[in-house]
Protein chains: 2
Amino acid sequence: MQFKLLAKDRGTQARRGTLSTPHGEIQTPIFMPVATHAAMKAMTPLQVRETGAQIILSNTYHLHLHPGEQLVQKAGGLHRFMAWDGPILTDSGGFQVFSLPNKRITEDGVFFRHEDTGEEIFLDPAKAMEIQMALGADIIMNFDECIPYPCDKGYAERSTAKTLRWAKQCKEAHTRKDQALFGIVQGSVFEDLRRHCAREMVKLDFPGYAIGGVSVGEGLELLKLVVGYTAPHLPEDKPRYLMGVGLPEDILESVERGIDMFDCVIPTRYARSATLFTNRGRIRLTNKNFRRDFYPIEPNCDCYTCRNFTRAYLHHLFGANEVLSAILASIHNVHFYLNMMSRIRQAIEEGRYAAFKNEFLAEYKRQDRG
Amino acid sequence: MQFKLLAKDRGTQARRGTLSTPHGEIQTPIFMPVATHAAMKAMTPLQVRETGAQIILSNTYHLHLHPGEQLVQKAGGLHRFMAWDGPILTDSGGFQVFSLPNKRITEDGVFFRHEDTGEEIFLDPAKAMEIQMALGADIIMNFDECIPYPCDKGYAERSTAKTLRWAKQCKEAHTRKDQALFGIVQGSVFEDLRRHCAREMVKLDFPGYAIGGVSVGEGLELLKLVVGYTAPHLPEDKPRYLMGVGLPEDILESVERGIDMFDCVIPTRYARSATLFTNRGRIRLTNKNFRRDFYPIEPNCDCYTCRNFTRAYLHHLFGANEVLSAILASIHNVHFYLNMMSRIRQAIEEGRYAAFKNEFLAEYKRQDRG
């Protein structure tokens, strides 16, 4: 995997690059739609591709439980299994496992129970690498401890030390040359811990780095703070991935602080509950205002949904509980995100990122409907 | 609307024709996928088109309740509302209303209650025409009484007389020149009633005729019998539509008896519950046999699903309850039906329909799996 920095913005830390993988080149900054169970919810790979997606993310935890990485490997790997021939990134499974209520964390890994069979499963750096190597994504992630928020500094210190120790073990266990293994920087909201973790992680020399443990729910100000004091400690010539983020405003602020890659379930999850993104903010299509609204979701949008259907039709579909509502809404929302990323890339190339961001947010916050 | 008989089979009543409508030409015999709420369940219009669909059916009853025919009309009609630019047929709403538990049937029409608001609604020939004219389908249907099965002959006689009286009223009330109104032959399982109803209906001179009240649940033998003694009384130069039928074997037997048009929810409904049609019979993809089956649903099928995905992947999607399972399975099943119709048409053109049917059924009944 090769990362090439094509342009840097004037006045902000925003970067424009390309990331080459065995399954094609990715233009950064990029958003990765999430295909949890090796499937984008309510979209075929063809529809995902048509939204402009260049790389998608799939979840190791879910695939380990169903159908199991061995079956995926036997099917010819994740790309072939799910018929997505572009690049794929898998997470390590850590985020999901550490979110479980009944896990047991040790110095070496984490014990949890299979959600269906009740069988005890142990996940550690070696196992996380083994699973991700079998799945065969282009980019795979270190197994780290995701620190809950809020968290006291003592715990955060010990956890960050563990994450660094596990990072070394992941690097040793990872042997597939056609996959890039990214290191993940933890450290909760403590600037010195983040700095320490970033510097130590960089010493291990990964082909890319992620910032973990910054969840959307913690608010935009905290996100700006953590990204702002972590990203500068990551090498300029390696891609930077902010995990699990986020809303359009989160992405815009993070790009400004030097982030290249994002993933989030928000566009598809919101779509299924009738919340659609537009340049003028979000609209909720189940609102009765839209019953007789014969405009597209976004009048200038060129996604399949906006080229063919009205808000009134989508309002009707959501009311009738038709699966097509989820399909069409997901297509629009994912397209919205990817189109935003395309505009972000152009603004960076033109050296006017800050102005673009401000214009985008000013328009976005008008929210005149729904 | 014009119907042109292109070819007749040798030795059976099977017919090959074209039906021209304001939204394009239909090759018959044809199967019409069902888009109840102005939406194919789990498929975009583009995907429906790619399965080979030439005409779809939508339900007047459902559209009258939600979103209402006036809204559809304001949206520019059903074609534009649902972004399907091919031909559409709407039923009259009668079938659904007569299936309701608390309807009240009179000589003039039927009273029922809105399923959400509880409001009393009256549907009669004039109203059924008014709604269907507002929806704007290419082919619309008479408002008839659907006789329950089984039914005593006295009731069937009175009901058939009513259906004939209503047919006249429909014809008088229908004023849109760009729509073809089909007459529906009822008469339950009584040969003399079917013959009488067919002859009287033909006197009213409709551009096409349907056979109603032959539901799939009543069995193939009864279906063959009723179609067999009804179709001969319909004019050769008009299309014949067997409503709500059916399974592949039902369609094959009915084509042999001179039927040109079919509709049924079976391919999409079965798809959503993991039952897939193949040339060797149906398979149930949730069956554990398919967990490690890396073949397509149908090895020689050229639908999007079979070109890209394995049974193992679909088994996984159904297990994970992913919406994509319904999408991919629906694409295959609808394609299977339309491909079968295409083979039927070819066999008739070649004058070897009986042989084709026997070969098809011999292969289809092998059912070696699932």
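Residues numbered from 1 in each chain as written. Chains lettered and ligands numbered in written order. Predicted model: local features only at pLDDT ≥ 70, side-chain atom pairs only at ≥ 80, totals over all residues. Heavy atoms only, no water.

Engineer: What am I meant to see in the overall build of chain A here?
Structural biologist: Along its length, chain A carries 15 helices and 16 strands. Rg of the C-alpha trace for chain A: 20 Å, near the compact-globule value of 21 Å for 370 residues, within the 12% margin. In terms of overall dimensions, chain A has C-alpha extents of about 60 × 50 × 40 Å along its principal axes. Counting across all 370 residues of chain A, residues that qualify as buried make up 62%. Taking all contacts inside chain A whose residues are at least 6 apart in sequence as the whole, residues at least 24 apart take part in 67%. With the model as given, the accessible surface of chain A reaches about 14,200 Å², and the carbon-plus-sulfur share is 46%. In chain A, the 46 positive side-chain charges and the 44 negative ones have mean positions that sit 3 Å from each other. (Helix = DSSP H or I, 4+ residues; strand = E, 2+ residues; numbered from the N terminus. Rg over C-alpha atoms; globule rule 2.2 N^0.38 Å. Buried < 20%, exposed > 50% of the residue type's maximum accessible area, 1.4 Å probe, protein only. Contact = heavy atoms within 4.5 Å. Areas by Shrake-Rupley, 256 points an atom, 1.4 Å probe, with all protein chains shown as cover. Lys, Arg positive; Asp, Glu negative; His and termini not counted. Charge placed at Lys NZ, Arg CZ, Asp CG, Glu CD.)

Engineer: What is the right way to read the UniProt feature "binding site: Zn(2+)" (unreviewed entry) in chain A from this model?
Structural biologist: Residue and element names in this part refer to chain A. With numbering aligned to this structure, UniProt lists the feature "binding site: Zn(2+)" (unreviewed entry) at C301, C303, C306 and H332. Sequence-wise these annotated residues cover 32 residues; spatially they are packed, their C-alpha atoms never more than 8.5 Å apart. Here C301 lies in the loop between β16 (281–284) and α12 (304–308). Owing to a relative accessible area of 13%, C301 belongs among the buried residues under this scheme. Contact partners of C301, with chain neighbours within four places excluded, come to C306, H332 and H335. Note on placement: C303 falls in the loop between β16 and α12. Sequence-distant contacts of C303, defined by excluding residues within four places in its chain, comprise I331, H332 and H335. (UniProt positions renumbered as here; feature names shortened; annotations may be inferred.)

Engineer: How should unusual backbone geometry be read in this particular structure?
Structural biologist: For the bond running from T28 of chain A to P29 of chain A, omega is 0°, close enough to zero to count as cis. In this structure, P29 of chain A sits in the loop between β3 (24–28) and β4 (30–32). H66 of chain B connects to P67 of chain B through a cis peptide bond whose omega is 0°. Summarising the element assignment, P67 of chain B is placed in the loop between α2 (60–65) and α3 (69–74). One non-glycine residue, A274 of chain A, lies in positive phi territory at about 75°. Among the secondary structure elements, A274 of chain A is positioned in the loop between α11 (266–272) and β15 (275–278).

Engineer: Would you take a moment to explain helix α7 (residues 153–173) of chain A for this structure?
Structural biologist: Given 3.6 residues per turn, any residue in an α-helix points the same way as the ones three and four places further on. Residue and element names in this part refer to chain A. In a regular helix each residue adds 1.5 Å, so 21 residues correspond to 30 Å; α7 covers 30 Å between its end C-alpha atoms and thus fits that length. All of the buried residues in α7 are A156, S159, T160, K162, T163, L164, W166, A167 and C170. By the N-cap criterion, in which a side-chain oxygen at the helix start approaches the backbone nitrogen of a residue two or three places on, α7 is capped by D152, the distance to G154 being 3.1 Å. (Expected span 1.5 Å × (residues − 1). Polar contact = N/O pair within 3.5 Å; in protein donor to acceptor, adjacent residues only side chain to side chain.)

Engineer: How do you make sense of the domain arrangement of chain A when you look at a structure like this?
Structural biologist: Many authors give the size of an interface as the accessible area that is lost as the parts come together. All names here are of chain A. Parsing chain A into structural domains produces domain 1 (2–264) and domain 2 (275–364). Contact residues are listed per partner, giving 33 residues for domain 1 and 28 residues for domain 2. Counting the surface lost from both domain 1 and domain 2, the interface buries some 2,400 Å², and carbon and sulfur atoms represent 71% of this. For the domain 1 face of the interface with domain 2, the top three residues by lost area are T51, P248 and L252, together amounting to 25%. (Domains from an automatic or database assignment. Buried area = accessible area lost by both parts, 1.4 Å probe.)

Engineer: Honestly, the relation of the copies chain A and chain B in this entry has me stumped. Any pointers?
Structural biologist: Mapping between the two copies of the chain is achieved by a rotation about an axis and a shift along the axis. Superposition of chain A onto chain B requires a rotation of 180° combined with a translation of 0.0 Å along the rotation axis, giving an RMSD of 0.0 Å. Those values place the two copies in the arrangement expected of a two-fold rotation axis. Mapped onto chain B, 100% of the interface residues of chain A again fall at the interface, so both copies present the same surface. (Least-squares fit on C-alpha atoms with pLDDT ≥ 70 in both.)

Engineer: What is the right way to read the pairing of β16 of chain A from this model?
Structural biologist: Residues and elements named next belong to chain A. Bridging between β15 and β16 involves 4 bridges; their strand directions are antiparallel. Counted as the bridge partner of F277 is R282 from β16. Linking two consecutive strands that pair antiparallel, namely β15 and β16, is a turn of 2 residues. (Pairing = 2+ DSSP bridges.)

Engineer: Whenever I open this one, the nonpolar core confuses me. Can you help?
Structural biologist: Buried together is how nonpolar side chains tend to be arranged in soluble globular proteins. Y241, Y313 and I344 of chain A together with Y241, Y313 and I344 of chain B are the most contacted members of the largest nonpolar core, which has 243 residues in total. The contact partners of Y313 of chain A, leaving out residues within four places of it in the chain, are L324 and L328 of chain A together with A38, A39, F81 and M82 of chain B. (Core = buried A, V, L, I, M, F, W, Y, C linked by side-chain atoms within 4.5 Å.)

Engineer: Hey, could you run me through the confidence of the model for chain A in this one?
Structural biologist: Atomic detail in the predicted coordinates should be set aside for any region of low pLDDT. Across chain A, the average pLDDT comes to 96, with 98% of residues at or above 70. Among the prediction metrics, the complex's ipTM stands at 0.97, with pTM recorded as 0.97. (pLDDT = per-residue confidence, 0-100.)

Engineer: Explanation requested: empty space enclosed by the protein in the structure shown.
Structural biologist: Rolled over the atoms, a probe as big as a water molecule pinpoints where empty space is left. Counted by the stated rule, this structure contains 4 cavities of 30 Å³ or more. Computed from the structure, the largest cavity encloses a volume of approximately 70 Å³. In terms of lining, the largest cavity is formed by 14 residues, of which the most central are V189, G213, V214, E218 and V226 of chain B. Broken down by element, the residue count for the lining of the largest cavity peaks at 3 residues, all from helix α9 (residues 220–230) of chain B. Among the residues forming the lining of the largest cavity, the class breakdown is 8 nonpolar, 4 polar and 2 charged. Looking at the second largest cavity, the residues that line it are Y313 and L324 of chain A together with A39, M40, M43, T44, P45, V48, I56, M82 and W84 of chain B. A per-class count over the lining of the second largest cavity returns 10 nonpolar, 1 polar and no charged. (1 Å grid on protein atoms, 1.4 Å probe; cavity = no way out; pocket = protein on both sides within 12 Å on 5 of 7 lines; lining within 4 Å. Points joined across faces, edges and corners; volume = space filled by probe spheres on them. Nonpolar A, V, L, I, M, F, W, Y, C, P; charged D, E, K, R; others polar.)

Engineer: What should I look at first to understand the interface of chain A and chain B in this one?
Structural biologist: Each side of the interface is counted separately: chain A has 37 residues, and chain B has 37 residues. The junction of chain A with chain B conceals about 3,200 Å² of combined surface from both sides, 65% of it contributed by carbon and sulfur atoms. For K41 of chain B, the salt bridge goes to E322 of chain A, with nearest N and O atoms at 2.6 Å. At the boundary of chain A with chain B, the tally comes to 10 residue pairs in polar contact (both at pLDDT 80 or more). The set of elements that each furnish at least two residues to the side of chain A that touches chain B consists of α1 (45–50), α3 (69–74), α4 (78–82), α12, α13 (311–319) and α14 (323–349) of chain A. Looking at side-chain class alone, the side of chain A that touches chain B contains 25 nonpolar, 6 polar and 6 charged residues. (Salt bridge = Lys/Arg side-chain N within 4 Å of Asp/Glu carboxyl O.)

Engineer: Explanation requested: the sheet that holds strand β1 (residues 2–8) of chain B in the structure shown.
Structural biologist: In a beta sheet, neighbouring strands pair by backbone hydrogen bonds and run either parallel or antiparallel. All names here are of chain B. One open sheet accounts for 3 strands, arranged β1-β2-β3; its pairing is antiparallel. The sheet is open, and its two edges are formed by β1 and β3 (24–28), each paired on a single side. In this sheet, neighbouring strand axes are inclined to one another by 15° on average, regardless of whether the strands run parallel or antiparallel. Each of β1, β2 (15–21) and β3 touches helix α14 (residues 323–349); the most contacted strand, β2, lies at about 120° to it. (Axes fitted to C-alpha atoms, helices over the stretch in contact; angles between N-to-C directions.)

Engineer: Quick question: what am I supposed to make of the packing of aromatic side chains here?
Structural biologist: Two numbers describe a pair of aromatic rings. These are the distance of the centres and the angle of the planes. Residue and element names in this part refer to chain A. Counted by the stated rule, this structure contains 36 aromatic pairs over all chains. Aromatic pair Y353 and F356: ring centres 6.1 Å apart, planes at 45°, arrangement tilted. One end of the pair, Y353, and the other, F356, are both in helix α15 (residues 353–364), 3 residues apart, so they sit about a helical turn from each other. Following the ring pairs from residue to residue traces out a cluster consisting of F31, Y270, F277, F336, Y337, Y353, F356, F360 and Y364. (Phe/Tyr/Trp six-rings, centres within 6.5 Å; stacked < 30°, edge-to-face > 60°.)

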